[in-house]
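Okay, here's what each chain looks like letter by letter:
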Amino acid sequence: DKHEFLKMVIMRTYRREKITFKVTEFVQNNLGEVFTKSPPFDLTAAFNTSTCSTPLIFILSPGADVNDALISLAAANGKDGEFLKIVSLGQGQGPKA
């Protein structure tokens, strides 16, 4: 809808902080909800495609925590204990990683 797109352009000019939500709404209304929803993350499938030269690296948003799922997956594959290394890159952990 041209009217909806023009409203979005005006919003970008005056209310830049709200444009992300408006673009999501625009895409959902014009292309469908399938383009705005993230698929659920399948840790097992990601693990199965990883190798020693392509490790799993998680970039998480604040408050996100995959440790429990990662520890469960390691235990299910017999890789818990000394095989599993979890390192946060915050607070001076870069050299350790």
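Values in this document were obtained by computation on a predicted structure and should not be read as measured data. (Residues numbered from 1 in each chain as written. Predicted model: local features only at pLDDT ≥ 70, side-chain atom pairs only at ≥ 80, totals over all residues. Heavy atoms only, no water.)

Participant: Can you break down the overall build of the protein residue by residue, with the values?
Facilitator: From N to C terminus, the protein includes 4 helices and 0 strands. N-terminal to C-terminal, the α/β element order of the protein is α-α-α-α. Over its C-alpha trace the protein gives a radius of gyration of 20 Å, far above what one expects of a compact globule, namely 13 Å for 97 residues. In the protein, which comprises 97 residues, the proportion classed as buried is 11%. Taking contacts inside the protein between residues at least 6 apart in sequence as the whole, the part at least 24 apart equals 23%. For the protein, the accessible surface area stands at approximately 8300 Å², while carbon and sulfur atoms represent 58% of it. Where the 11 positive side-chain charges of the protein centre and where its 10 negative ones centre are 11 Å apart. (Helix = DSSP H or I, 4+ residues; strand = E, 2+ residues; numbered from the N terminus. Rg over C-alpha atoms; globule rule 2.2 N^0.38 Å. Buried < 20%, exposed > 50% of the residue type's maximum accessible area, 1.4 Å probe, protein only. Contact = heavy atoms within 4.5 Å. Areas by Shrake-Rupley, 256 points an atom, 1.4 Å probe, with all protein chains shown as cover. Lys, Arg positive; Asp, Glu negative; His and termini not counted. Charge placed at Lys NZ, Arg CZ, Asp CG, Glu CD.)

Participant: Before we move on, could you go through the layout of surface pockets and cite the residues and values that matter?
Facilitator: Counted as a void, the largest pocket has a volume near 940 Å³. Residues that form the lining of the largest pocket fall into these classes: 18 nonpolar, 6 polar and 3 charged. (1 Å grid on protein atoms, 1.4 Å probe; cavity = no way out; pocket = protein on both sides within 12 Å on 5 of 7 lines; lining within 4 Å. Points joined across faces, edges and corners; volume = space filled by probe spheres on them. Nonpolar A, V, L, I, M, F, W, Y, C, P; charged D, E, K, R; others polar.)

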